[in-house]
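The chain contents come next:
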Amino acid sequence: MASHMRLPAGACLCCWLLLFKVVSSEHADDFDSNALLSVGMPKQMDLQADSGHYAYLLRCAQAPAGDEACYDTSPPEEFTVRFWLWDGRSFRVRSYSHWAPVFAQRFWQLSNLNWWRGVAIYRNDYVNESFRFVSQWGLVGSPAVNDAWTKWKTSNQTSPALKSNTRGKISFSMGAVECTAGPDDPCQALRPNCTAEDYCALGFSTEIYVNFADNSRLDEHGFAPIGEVDDEGMLVLDDLGRTLGNLYGEVQDLCPPTPPGKYCVYRDGERAGVNETKFHQEGNRYIWKDFPEMFRLRIASARVERWYAA
Ligand SMILES: *[C@@H]1O[C@H](CO)[C@@H](O)[C@H](O)[C@H]1NC(C)=O
Ligand SMILES: *[C@@H]1O[C@H](CO)[C@@H](O)[C@H](O)[C@H]1NC(C)=O
Ligand SMILES: *[C@@H]1O[C@H](CO)[C@@H](O)[C@H](O)[C@H]1NC(C)=O
Ligand SMILES: *[C@@H]1O[C@H](CO)[C@@H](O)[C@H](O)[C@H]1NC(C)=O
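Definitions and limits used
- Here the residue numbers are simple positions, counted from 1 along each chain's written sequence.
- Throughout, the order in which chains and ligands are written sets their labels, letters from A for the former and numbers from 1 for the latter.
- Restriction of local features to residues with pLDDT of at least 70 applies here, the model being predicted, together with a cutoff of 80 or more for giving and counting side-chain atom pairs; totals for whole chains, interfaces and linings are based on all residues.
- Secondary structure elements are taken from DSSP: a helix is a run of H or I of four residues or more, a strand is a run of E of two residues or more, and numbering for both begins at the N terminus.
- Exposed residues have 12 or fewer other C-beta atoms within 10 Å of their own C-beta, buried residues have 20 or more, and partly exposed residues fall in between, where C-beta atoms are placed from the backbone.
- For each residue, a C-beta atom is placed from the backbone, and the residue is labelled near a molecule or strand when this atom is within 6 Å of it.
- Each residue gets one of three labels, nonpolar for Ala, Val, Leu, Ile, Met, Phe, Trp, Tyr, Cys and Pro, charged for Asp, Glu, Lys and Arg, and polar for the others, Gly among them.
- Any two strands with at least two DSSP-identified bridges between them are counted as paired.
- Here a nonpolar core is just a set of buried residues of the types Ala, Val, Leu, Ile, Met, Phe, Trp, Tyr and Cys, joined wherever their C-beta atoms sit within 7 Å.
- The contact criterion used here is simple: two residues whose C-beta atoms, placed from the backbone, lie within 7 Å are in contact.

Observations concerning the overall build of the chain
Each helix and strand counted, the chain has nine helices and ten strands in total. Every one of the 310 residues in the chain was classed for burial, and the buried ones make up 45%.

Digging into the site of ligand 3
In the vicinity of ligand 3, the contacting residues are Pro 101, Val 102, Thr 158, Ser 159, Pro 160, Leu 190 and Asn 193. Its residues placed into classes, the shell around ligand 3 shows four nonpolar, three polar and no charged.

Re the pairing of strand β1 (residues 78-85)
In terms of strand pairing, β1 meets strand β2 (residues 90-96) through seven bridges, oriented antiparallel. Across the sheet, residue Phe 79 finds its bridge partner in β2, namely Ser 95. Here β1 folds back onto β2 in antiparallel fashion, the turn holding four residues, of which Gly 88 has a positive phi close to 100 degrees.

Description of the environment of Leu 240
By secondary structure assignment, the location of Leu 240 is in helix α6 (residues 231-247). Residue class for Leu 240 comes out buried when judged on the 21 C-beta atoms lying within 10 Å of it. For the pair formed by Leu 240 and Met 294, sequence separation is 54 residues and the distance between their alpha carbons is 9.1 Å.

Considerations on the site of ligand 4
Taken together, Gln 252, Asp 253, Asn 275, Thr 277 and Lys 278 form the complete shell of residues around ligand 4. The residue makeup of the shell around ligand 4, split by class, is no nonpolar, three polar and two charged.

Considering the nonpolar core
Counting residues in each nonpolar core, the largest one holds 76 residues, and the members touching the most others are Ile 121, Met 294 and Ile 299. For this core, the element with the most residues is strand β6 (residues 199-211), which contributes eight residues. Residues contacting Met 294, with those up to four places away along its chain left out, are Ala 120, Ile 121, Tyr 122, Leu 244, Tyr 248 and Ile 287.

With respect to the pairing of strand β4 (residues 131-137)
Taking burial as the measure, the seven residues of β4 include six buried ones, the bulk of the element. Pairing of strand β3 (residues 123-128) with β4 involves four bridges; the strand directions are antiparallel. Counted as the bridge partner of Arg 123 is Gln 136 from β4. What sits between β3 and β4 in their antiparallel hairpin is a turn of two residues.

Below is the structure:
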């Protein structure tokens, strides 16, 4: 799931949200999150940037390794993150740090930062019961924030896939290097975490994806799952994938100009999916303008709900 190479193949934003930011992870288990939610699920869709939140994320892009205020800390062995969509539905990810420590650490950090707030689930490869692949998200609404994290926080660390990319599993989307014959093969340095012969995943930052099907072919490239969505959560994600998959489909960058293309949707002869370049340049404004249903169904917020001591 490279986001650049795009594998596999890639106002008042409401007081409770502010509250969210203030709730640090060490207090998270003092709250009943559902009670918190019922206080006031945001109803208004407001494009006005939440400048405080983005400023915080920008600061954290350049924070030194280990910065506690930016949650660059060791995750517990297990923790749960709940994602809420703007329509009020939610799903949970249970993360297991030993599955893939370097990736789990980033997921821990991003979730504690509430990185996921306002994030559009922009790639939805889900056509029908037999033809489905993944949904991917992790770019925030502000291009400056995404750029800063790409620049400062892209990591080349790897982990072997101890678990497989089967239905429900969550992994990081990555860039990739192509393997070549001979002594300069960039894949050699990534053995044995990557065992594939064509390409190795390398370079992760903030984008993750959920598997809708058995995508275990991704394992050998180094897309190491960090956790899983439970069955109840997968019903929500299935529905989302089906809705957005059939409306917009695969990102334009991975679709041929004319049909057919795998998971691609065409409308009036044009690719209906997100243009990743534009999304990177314009952020959520582009999603709001051109993909109204995707914008409506974006993630409202996420938080670490509870965890077990390491
Ligand atoms: C699912 O979609 C694919 C691609 O459009 C199509 O080839 C296949 O027949 C569909 N399967 C079902 C069960 O509808
Ligand atoms: C990660 O690897 C890529 C490809 O080899 C390289 O271009 C990039 O500079 C590396 N980044 C870091 C942070 O080491
Ligand atoms: C392979 O993964 C392990 C576990 O994350 C890591 O410690 C090691 O450095 C990785 N090896 C390479 C060559 O990147
Ligand atoms: C995506 O948008 C960029 C910038 O507007 C444009 O140059 C590019 O051709 C578009 N890509 C596709 C696949 O349409």
